[in-house]
Amino acid sequence: QNAALKAKVDALGPEKMTEMENKVHEQGLEIARLQAELKAATCAYRRDDKRNAAREQEAAQAEAASTKHDLDAQKKINRQLQQQITATERQSLHQVEELRRLHE
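Residues numbered from 1 in each chain as written. Predicted model: local features only at pLDDT ≥ 70, side-chain atom pairs only at ≥ 80, totals over all residues. Heavy atoms only, no water.

Visitor: Sorry if this is basic, but what is going on with the overall build of the protein chain here?
Guide: Along its length, the protein chain carries 2 helices and 0 strands. Scaling as 2.2 N^0.38, a compact globule of 104 residues should have a C-alpha radius of gyration of about 13 Å, whereas the protein chain reaches 43 Å, well beyond that. If one aligns the C-alpha atoms of the protein chain with their principal axes, the spans along those axes are about 135 × 25 × 10 Å. Within the protein chain, the fraction of its 104 residues that count as buried is 1%. Counting every atom, the protein chain has about 9900 Å² of accessible surface; 56% of that belongs to carbon and sulfur. Each charge class in the protein chain can be summarised by its mean position, and for the 18 positive and 18 negative side chains these summaries are 3 Å apart. (Helix = DSSP H or I, 4+ residues; strand = E, 2+ residues; numbered from the N terminus. Rg over C-alpha atoms; globule rule 2.2 N^0.38 Å. Buried < 20%, exposed > 50% of the residue type's maximum accessible area, 1.4 Å probe, protein only. Areas by Shrake-Rupley, 256 points an atom, 1.4 Å probe, with all protein chains shown as cover. Lys, Arg positive; Asp, Glu negative; His and termini not counted. Charge placed at Lys NZ, Arg CZ, Asp CG, Glu CD.)

Visitor: Is there a simple way to explain a nonpolar patch on the surface in this structure?
Guide: Residues Ile77, Leu81 and Ile85 make up a contiguous nonpolar surface patch of roughly 250 Å² in combined accessible area. Take Ile77: it is sitting in helix α2 (residues 14-103). (Patch = residues over 30% accessible without salt bridge, like charges linked within 9 Å, V, L, I, M, F, W, Y side chains within 5 Å. Salt bridge = Lys/Arg side-chain N within 4 Å of Asp/Glu carboxyl O.)

Visitor: Please clarify how the pattern of salt bridges should be interpreted in this entry.
Guide: As a working rule, side chains carrying opposite charge can pair if their charged atoms are close by. Under the definition given, this model contains 7 salt bridges. Linking Arg33 and Glu30 is a salt bridge whose minimum nitrogen-to-oxygen distance equals 2.7 Å. Linking Arg33 with Glu30, this pair stays in helix α2, spanning 3 residues, or about one helical turn. Its salt-bridge partner being Arg33, residue Glu37 comes within 2.4 Å of it at the nearest N-O pair.

Right, dumping it as structure tokens:
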């Protein structure tokens with residue numbers, strides 16, 4: 001097998017072998033360039049992915065803070081309404097008591 005391969009290589013001649021070696025070398029350089037490009041693109045993608053994740057987390061935290069603020073405001077409104085209801089109930093009871101006294 002090796003002898004057959006050597007015979008084919010010898011049949012090509014030194015010029016053709018040099019041409020093929022140069023081609024293989026150029027292809028190797030192109031592969032190395034493409035691998036470097038891929039590595040750079042992968043790093044850029046990971047950086048963008050991290051930035052996006054950080055932005056999403058900030059947005060979620062801002063939304064949570066806003067929701068908490070809204071809930072706190074709603075609780076305050078609910079307390080005020082409850083106080084108004086209680087005051088109105090007391091006033092109504094007082095008026096009922098007044099009416100009873102007047103009818104007695």
